[in-house]
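What the coordinates show
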Amino acid sequence: MDMKGQFLKTGVLGLLAALLLGACASQVPLPIRTAPATSLSQSEAGVNAATHMGETVRWGGTIIETVNHEKVTRLTVLGRPLHKDGEPKAGDDSAGRFIAVVSTFLDPNVYAANRQVTVTGVLAGTEVGQVGEHTYTYPVVDADNWYLWPREVARSYRYDPWYDDPFYDPWYLDRWHYPPAW
């Protein structure tokens, strides 16, 4: 093999290695990214929690409330359907509410209302609570993994060919050196 072919082979292998390592560098924990073998729904857990106690679940949604106790943090979450990677889907579909019990302190300003979270853990039972004046049965998950999804940044897009496209305006660079003609 000549030197040029060896260089090309090394470059291609290096590129493939970099791509593979980059693909593995996700910050989302593996238990969050992969769905458990059983897919217990939140509504089913709320109705038949006694028969499903101890089953592994992966649920996510929008945080409603974060309350810290001495040894645990309780997240009240409005459940949402999940994408394949575990991220809650946007929209008005709700799978009901659930409580995730995390065995550490989570800052309520970080884990704030309207943030998206996904948890995995075991179904520990149910709790009866109130939503307004309505009595509601919350499935409770003892969370062993959780992931707070990054906030979505609202991006405004403004395109003005006169000001944004250097190929439209031949004096694009000169406009910053001279005052406008008007």
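Before any of the text, the structure's been laid out above.
Here the structure is a predicted model, which is why all the values come from computation and not from measurement.

The helix and strand inventory of the protein stands at 4 helices and 5 strands. Along its sequence from the N terminus, the protein presents helices and strands in the succession α-α-α-β-β-β-β-β-α. With 182 residues in all, the protein has 29% of them scored as buried. Put simply, of all contacts in the protein between residues at least 6 apart along the chain, 60% involve residues at least 24 apart.

Enumeration over the complete set of coordinates arrives at 1 salt bridge. Residues arginine 74 and glutamate 127 are paired through a salt bridge, measuring 2.6 Å at the closest nitrogen-oxygen approach. Of this pair, arginine 74 sits in strand S2 (residues 73–80) while glutamate 127 sits in strand S4 (residues 116–131); the two residues are 53 residues apart in sequence, bridging distant segments of the chain. Of the residues examined, glutamate 127 reaches a relative accessible area of 30% and is grouped as partly exposed.

Moving on, we come to the pairing of strand S5 (residues 134–148). As defined by bridge partners, strand S3 (residues 96–102) adjoins S5 across 4 bridges and the pair is classed as parallel. Of the residues in S5, the one forming a bridge with alanine 100 is valine 141. Where S4 and S5 come together, 14 bridges link them in antiparallel fashion. When the bridges of S5 are listed, valine 119 appears paired with tryptophan 146.

A few words now on the sheet that holds strand S1 (residues 56–68). An order of S1-S2-S3-S5-S4 is seen for the 5 strands of this closed barrel, with the pairing classed as mixed. Going from strand to strand, the sheet's axes swing by 45° on average, the running direction of each strand aside. With 7 bridges connecting them, S1 and S4 associate as antiparallel partners. Counterpart to tryptophan 59 in the pairing with S4 is valine 119.

This part takes up the packing of aromatic side chains. Taken as a whole and assessed by the stated rule, the structure comprises 3 aromatic pairs. Ring geometry for tryptophan 59 versus phenylalanine 98: centroids 5.4 Å apart, planes at 65°, classification edge-to-face. Remark: phenylalanine 98 occurs in strand S3 and tryptophan 59 occurs in strand S1; sequence separation between them is 39 residues. Here tryptophan 59 matches phenylalanine 98 in class, with each residue buried. Each ring, one from tyrosine 147 and one from tryptophan 149, has its centre 4.7 Å from the other, and the planes form 85°; the classification is edge-to-face.

This part covers the nonpolar core. Generally speaking, a soluble globular protein has its nonpolar side chains buried in company with each other. In this structure, Trp59, Leu75, Phe98, Tyr111, Val117, Val119 and Leu123 are the most contacted members of the largest nonpolar core, which totals 19 residues. Of all the elements in the fold, those that place two or more residues in this core are S1, S2, S3, S4 and S5. The contacts of valine 117, once residues within four sequence positions are left out, are Trp59, Gly60, Gly61, Ile63, Val77, Pro88, Tyr147, Leu148 and Trp149.

Within the secondary structure, threonine 73 sits in strand S2. Looking at threonine 73, its side chain comes within polar contact range of the main-chain oxygen of threonine 104, at 2.7 Å. Contact partners of threonine 73, with chain neighbours within four places excluded, come to Thr66, Val67, Asn68, Ala100, Val101, Val102, Thr104, Phe105 and Leu106.

Take the environment of glycine 54 next. Turning to its location among the elements, glycine 54 is positioned in the loop between helix H3 (42–47) and S1. With 69 residues separating them along the chain, glycine 54 and leucine 123 place their C-alpha atoms 5.1 Å apart.

A positive phi angle is found at asparagine 114, which is not glycine, with a value near 75°. With respect to the secondary-structure elements, asparagine 114 resides in the loop between S3 and S4.

Parameters at a glance
Residues numbered from 1 in each chain as written. Predicted model: local features only at pLDDT ≥ 70, side-chain atom pairs only at ≥ 80, totals over all residues. Heavy atoms only, no water. Helix = DSSP H or I, 4+ residues; strand = E, 2+ residues; numbered from the N terminus. Buried < 20%, exposed > 50% of the residue type's maximum accessible area, 1.4 Å probe, protein only. Contact = heavy atoms within 4.5 Å. Salt bridge = Lys/Arg side-chain N within 4 Å of Asp/Glu carboxyl O. Pairing = 2+ DSSP bridges. Axes fitted to C-alpha atoms, helices over the stretch in contact; angles between N-to-C directions. Phe/Tyr/Trp six-rings, centres within 6.5 Å; stacked < 30°, edge-to-face > 60°. Core = buried A, V, L, I, M, F, W, Y, C linked by side-chain atoms within 4.5 Å. Polar contact = N/O pair within 3.5 Å; in protein donor to acceptor, adjacent residues only side chain to side chain.

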